[in-house]
Amino acid sequence: MTISFNKPFMTGKELSLIAEAHFNGMLAGDGPFTKRCHAWLEERTGTKKALLTHSCTAALEMAALLLDIQPGDEIIMPSYTFVSTANAFVLRGGIPVFVDIVEDTLNLDQNLIESAITPRTRVIVPVHYAGVACEMDSIITIAKHHGLKVVEDAAQGVMAYYQDRALGTIGDLGAYSFHETKNVISGEGGALLVNDPELALRAEIIREKGTDRSRFFRGEVDKYTWQEVGSSFLPGELIAAFLWAQLEEADQITQQRMLSWNLYHQLLEGMESSGYIRRPILPNNCHHNAHMYYVLLAPGIDRKKVLDEFKRHNIGAVFHYVPLHSSPGGLRYGRAHGSLAVTISQSERLIRLPLWVGITEQQQIKVVEVLNASINGRS
Ligand SMILES: *Cc1c(COP(=O)(O)O)cnc(C)c1O
């Protein structure tokens, strides 16, 4: 039995909707399918303005442009994240300042943020790891107090909530990913959520090569011209058609993943009480989206041995981020704030288990058996 780490889920409607876009003869961006996706995202999340992008990476790059990041500006972010969180700001000359995470959710430690703030700090970037929310109330309070902007890297947070607010809608800007490894997908894809209405018009301009073309199409100006620095951040209609098929099924996708997530959680309870692993911890005020199931091995357990066992059984269980602060790019472009001891220890102990729509109970039982046997040396 081979159990892959991820299997992109198709709703079955993607091809007919792509055919519809093809038949419409409108293939460039911002056509009917893009507009449907924007309306859905705005209605479901409550953001002021949703704009599809090529990727979450592109949405983060738009955020850095929108916030006028200048060389030397400092951006507070976790080290335990994907490279795009940092790259987007480094491209503008910004300096990532890597702050440690909390042990329970592996999210940015809100209690360490203030000591990392300097006169050059401009932005805080909370990353909602595994679709579990950061402590946004504290982060927003700190940002307001120091006059900083907040950009949520909600790449993993589509259909997840903090209290009753959708992830990505709490900061000034939020970035979603529809990469095929995420919950709702379009191959490559993403969206920028513009929550601060004052940024909405410039967001459209930056996304359309720095022009006011969106206003021109709405009949608000009689010609479109170059307004400021921008790029081409919008996907074509074929991607938007694919995404629309997925957004229509977003609730069912989340429900399906949640069943599998809950099954792992139940199956692994015994291993946790025996002290072999720690399961994910969900704060009360979060509604996660079952993006990821991970376990943290108890200190002293050899992760490589466990991963080798999974490999031997053709099971796609994998580790995750190599902390950015200690990577060549991080050393060159960023700065570590403090020792980042939690980041180092948790990242070395973490294993992500296979989770996708359609994984069977039998497969999940097998995954847990292999994990158990590899730790107890009985495999
Ligand atoms: C997946 C991911 C990204 C990048 O998303 P793309 O759509 O592939 O650009 C950025 N940040 C985090 C935390 C992610 O998980």
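Check the entry above for the structure.
Here goes a summary of the coordinates provided. This one's a predicted model, so the numbers in the text were calculated from it and none came from an experiment. (Residues numbered from 1 in each chain as written. Predicted model: local features only at pLDDT ≥ 70, side-chain atom pairs only at ≥ 80, totals over all residues. Heavy atoms only, no water.)

Focus on the state of the cysteines
Now for step 1: Within the structure shown, the criterion is met by zero disulfides.
Now for step 2: Between cysteine 56, a free cysteine, and cysteine 134, which holds the nearest cysteine sulfur, the sulfur-to-sulfur gap is 13 Å.
Now for step 3: For cysteine 56, a relative accessible area of 7% corresponds to the buried category.
Now for step 4: We note that cysteine 286 lacks a disulfide partner, and the nearest cysteine sulfur, in cysteine 134, lies 8.7 Å from it.
Now for step 5: When its relative accessible area of 11% is taken as the criterion, cysteine 286 is described as buried. (Disulfide = S-S within 2.5 Å. Buried < 20%, exposed > 50% of the residue type's maximum accessible area, 1.4 Å probe, protein only.)

Notes on the side chain of glutamate 249
Now for step 1: By secondary structure assignment, the location of glutamate 249 is in the loop between helix H9 (237–247) and helix H10 (250–267).
Now for step 2: Accessibility expressed as a relative area gives 18% for glutamate 249, which makes it buried.
Now for step 3: Apart from residues no more than four positions distant in its own chain, glutamate 249 is found in contact with Thr11 and Lys13. (Helix = DSSP H or I, 4+ residues; strand = E, 2+ residues; numbered from the N terminus. Contact = heavy atoms within 4.5 Å.)

So, the sheet that holds strand S8 (residues 173–177)
Now for step 1: Judged by pairing direction, the sheet is mixed, and its eight strands sit side by side in the order S1-S9-S8-S5-S4-S2-S3-S13 without closing on themselves. Two strands bound the open sheet, and with one partner strand each, they are strand S1 (49–53) and strand S13 (335–336).
Now for step 2: Here S1 runs beside strand S9 (residues 190–194); their pairing, made up of five bridges, is antiparallel. Directly across from lysine 49, in S9, lies its bridge partner valine 194.
Now for step 3: Strands S1, strand S5 (149–153), S8 and S9 of the sheet are contacted by helix H3 (residues 56–66), whose axis makes an angle of about 165° with S8.
Now for step 4: Most of the contacts of helix H6 (residues 136–146) go to S5, to which it runs at about 150°, and overall it touches strand S4 (121–124) and S5. (Pairing = 2+ DSSP bridges. Axes fitted to C-alpha atoms, helices over the stretch in contact; angles between N-to-C directions.)

Let's talk about unusual backbone geometry
Now for step 1: Positive phi values are uncommon outside glycine, yet alanine 130 reaches one of about 60°.
Now for step 2: Position of alanine 130 relative to the elements: it lies in the loop between S4 and H6.
Now for step 3: For methionine 159, which is not glycine, the phi torsion reads 75° and is therefore positive.
Now for step 4: Structurally, the position occupied by methionine 159 is in the loop between S5 and strand S6 (161–162).
Now for step 5: Take methionine 159: its relative accessible area is 12%, and that puts it in the buried class.

Examining the pairing of strand S14 (residues 350–353)
Now for step 1: Side-chain alternation along S14 places Leu350 and Arg352 on one buried face and Ile351 and Leu353 on a second face that is also buried.
Now for step 2: Here strand S12 (residues 293–297) runs beside S14; their pairing, made up of four bridges, is antiparallel. For valine 295, the partnering residue across the bridge sits in S14 and is isoleucine 351.

Looking at the site of the ligand
Now for step 1: Inspection of the region around the ligand gives 14 residues, with Thr57, Asp153, Gln156, Ser177 and Lys182 positioned closest.
Now for step 2: In this structure, threonine 57 approaches the ligand through a side-chain N or O atom, which is 2.5 Å from an oxygen atom.
Now for step 3: Bound to the protein, the ligand loses 92% of the 380 Å² it would expose on its own.
Now for step 4: Here the residues of the shell around the ligand are counted per class, giving five nonpolar, seven polar and two charged. (Near = heavy atom within 4 Å. Polar contact = N/O pair within 3.5 Å; in protein donor to acceptor, adjacent residues only side chain to side chain. Areas by Shrake-Rupley, 256 points an atom, 1.4 Å probe, with all protein chains shown as cover. Nonpolar A, V, L, I, M, F, W, Y, C, P; charged D, E, K, R; others polar.)

A few points about the environment of cysteine 134
Now for step 1: As for its placement among the helices and strands, cysteine 134 is situated in the loop between S4 and H6.
Now for step 2: In this structure the C-alpha to C-alpha distance between cysteine 134 and aspartate 109, which are 25 residues apart in sequence, comes to 8.4 Å.

Observations concerning the nonpolar core
Now for step 1: Counting 47 residues, the largest nonpolar core has Ile124, Tyr176 and Phe178 as its most contacted members.
Now for step 2: Looking at this core, the elements with two or more residues in it are helix H1 (14–24), helix H2 (32–45), S1, strand S3 (95–99), helix H5 (110–116), H6, S9 and H9.
Now for step 3: Here the element with the most residues in this core is H9; it accounts for six residues.
Now for step 4: Judged by nonpolar contacts, the second largest core, of 33 residues, contains Cys56, Leu60, Phe89 and Val194. (Core = buried A, V, L, I, M, F, W, Y, C linked by side-chain atoms within 4.5 Å.)

Notes on the packing of aromatic side chains
Now for step 1: Scanning all chains against the criterion turns up eight aromatic pairs.
Now for step 2: Ring geometry for tyrosine 264 against tyrosine 293: centres 5.3 Å apart, planes inclined by 40°, an arrangement best described as tilted. Of this pair, tyrosine 264 sits in helix H10 while tyrosine 293 is found in strand S12, placing the two residues 29 residues apart along the sequence.
Now for step 3: Among the residues examined, tyrosine 264 registers a relative accessible area of 0% and is labelled buried.
Now for step 4: An aromatic cluster of three or more residues is present, and its members are Tyr80, Tyr129, Tyr294 and Tyr321. (Phe/Tyr/Trp six-rings, centres within 6.5 Å; stacked < 30°, edge-to-face > 60°.)

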